[in-house]
Amino acid sequence: MNGNFKDGLNFVSKLTPKRIWNGLKVVSGFYNSKITNRPTQWGLPFSISFEPTTSCNLRCPECPSGLRSFTRPTGMLEGDLFKRTIDELADTLLYLIFYFQGEPYLHPQFLDLVGYASQKGIYTATSTNAHYLTEANAKKTVESGLDRLIISIDGTTQETYEQYRIGGKLEKVIEGTRNIVKWKKELKSSTPHIVFQFLVVKPNQHQIAEVHELAKELGVDEVGLKTAQIYDYEQGSDLIPTIDEYSRYTKQRDGSYIIKNKLVNHCWKMWHSCVITWDGLVVPCCFDKDAHYRLGDMKTQTFKDLWFGESYQKFRKTLIRSRSEIEMCKNCTEGTQVWA
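Residues numbered from 1 in each chain as written. Predicted model: local features only at pLDDT ≥ 70, side-chain atom pairs only at ≥ 80, totals over all residues. Heavy atoms only, no water.

Student: Explain the pattern of salt bridges here, please?
Tutor: Opposite charge on two side chains permits pairing when their charged atoms draw close. Going through the model one piece at a time under the given rule, you end up with 15 salt bridges. Salt-bridge contacts for Asp-87 lead to Lys-120; the nearest nitrogen and oxygen are separated by 3.1 Å. Within this pair, whereas Asp-87 is found in helix α4 (residues 79–89), its partner Lys-120 is found in the loop between α5 (110–119) and β3 (123–128), the two being separated by 33 residues in sequence. Residue classification places Asp-87 among the partly exposed residues on the basis of a relative accessible area of 41%. We note a salt bridge from Lys-299 to Asp-297, for which the minimum N-O separation is 3.1 Å. Each of Asp-7, Arg-148 and Glu-222 takes part in salt bridges that share partners, so that together they form one network. (Salt bridge = Lys/Arg side-chain N within 4 Å of Asp/Glu carboxyl O. Helix = DSSP H or I, 4+ residues; strand = E, 2+ residues; numbered from the N terminus. Buried < 20%, exposed > 50% of the residue type's maximum accessible area, 1.4 Å probe, protein only.)

Student: Before we go on, may I ask you to explain the side chain of Arg-248 in this structure?
Tutor: Within the secondary structure layout, Arg-248 lies in the loop between β6 (222–227) and β7 (249–251). Given a relative accessible area of 8%, Arg-248 falls into the buried group. Among the polar contacts made by the side chain of Arg-248, one reaches the side chain of Thr-227 at a distance of 2.9 Å. (Polar contact = N/O pair within 3.5 Å; in protein donor to acceptor, adjacent residues only side chain to side chain.)

Student: Before we go on, may I ask you to explain the packing of helix α6 (residues 135–144) against helix α8 (residues 170–186) in this structure?
Tutor: Here α6 crosses α8 at 50°, and the two axes come no closer than 8 Å. The angle between α6 and α8 places the two elements in the oblique class. In the crossing of α6 with α8, the sense of the turn from one axis to the other is right-handed. Across the interface between the two elements, Glu-135, Ala-138, Lys-139, Thr-141 and Val-142 from α6 touch Asn-179, Ile-180, Lys-182, Trp-183 and Lys-184 from α8. (Axes fitted to C-alpha atoms, helices over the stretch in contact; angles between N-to-C directions. Parallel < 35°, antiparallel > 145°, perpendicular 65-115°, else oblique. Left-handed = near helix turned anticlockwise from the far one by under 90°. Contact = heavy atoms within 4.5 Å.)

Student: Can you walk me through empty space enclosed by the protein in this structure?
Tutor: Over the atoms rolls a probe the size of a water molecule, and in doing so it shows where empty space is left. In the structure shown here, the tally under the stated rule is one cavity of 30 Å³ or more. Space inside the largest cavity adds up to approximately 50 Å³. Looking at the largest cavity, the residues that line it are Cys-267, Met-270, Cys-285, Phe-287, Phe-315, Leu-319, Arg-323, Met-328, Cys-329 and Cys-332. For the lining of the largest cavity, the residue count by class is nine nonpolar, no polar and one charged. (1 Å grid on protein atoms, 1.4 Å probe; cavity = no way out; pocket = protein on both sides within 12 Å on 5 of 7 lines; lining within 4 Å. Points joined across faces, edges and corners; volume = space filled by probe spheres on them. Nonpolar A, V, L, I, M, F, W, Y, C, P; charged D, E, K, R; others polar.)

Student: Teacher, can you tell me more about the side chain of Thr-126 here?
Tutor: With respect to the helices, strands and loops of the structure, Thr-126 is situated in strand β3. Within the structure, Thr-126 has its side chain in polar contact with the backbone oxygen of Phe-98 (distance 2.7 Å). Filtering out sequence-adjacent residues up to four positions away, Thr-126 remains in contact with Phe-98, Pro-104, Phe-110, Leu-146, Arg-148, Leu-149 and Ile-150.

Student: Please clarify how the confidence of the model for the protein chain should be interpreted in this entry.
Tutor: Any segment with low pLDDT has predicted coordinates that should not be analysed in fine detail. Here the protein chain shows a mean pLDDT of 91. Residues at 70 or above account for 95%. Contacts for the low-pLDDT stretch residues 335–340, under 50 throughout, to residues beyond four places or in other chains number 20 contacts. (pLDDT = per-residue confidence, 0-100.)

Shown next, in the form of structure tokens:
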């Protein structure tokens, strides 16, 4: 059976009447908000991202974790905070991403947290640089019930790979991938669905065909080609691809760059998802990497109180009125993933 089809069936199997009803409430609230220009929220998020840690072993040039440029503290997610949040949301939560900043496998209890969510019937996913997918971790990953494993592989040779994944070893990524594929077979498991995520930048754009070949050779289920967010893009960057379909930015006659997509005054993410940092702060989305827009704190609030609370409603109202007032939205573009 096709890997993508199996993954789709697995995802659908997580649907329950409560999750479907909640999803309908979220969608209807979003469209009502667009029509009336007033923030309406009738459901709880059906997707959240939980940050296991801000620590990372690599130093990627467009990543705050890699650059060690955070103003917020570095730390590890506490199990009690995580479990309390999941217990509150389990009935309506469909998709849980164990990633925001940092390398998830650096958290000592990471796979125990995955197992806890998996037992609640939630579709679980994570993104990793794969340097810690040892035999033992690979086996435990499969046993944890993780549904989707996104492996960042931004080059098919060490020379190309290390231009973005600074400090990384491609051989470790390939070894870790082989370990996961091996233990899926050993344990006769269809999960996790393995995705090679290839961040297309100028230094690696010539290897797009090669990453597909490598994925097929190793038994990877899917390849995702992702466009790169560049922080200082206006005057160009050595990372911006010359292949237009893989660039979020377009060059003007004067040599400067602008974001391709128009900044519209609505955002689906503010209705169906959110991000929770390792220390319990709730922020709007993955673009708020330094947690500037803090809409709640799971250490002192219930999720329902903050989701329907004044801070969240004010933020949604600002977004509907004029998204350009929100600084992080200015370098945001949708449609950043090309699945192949």
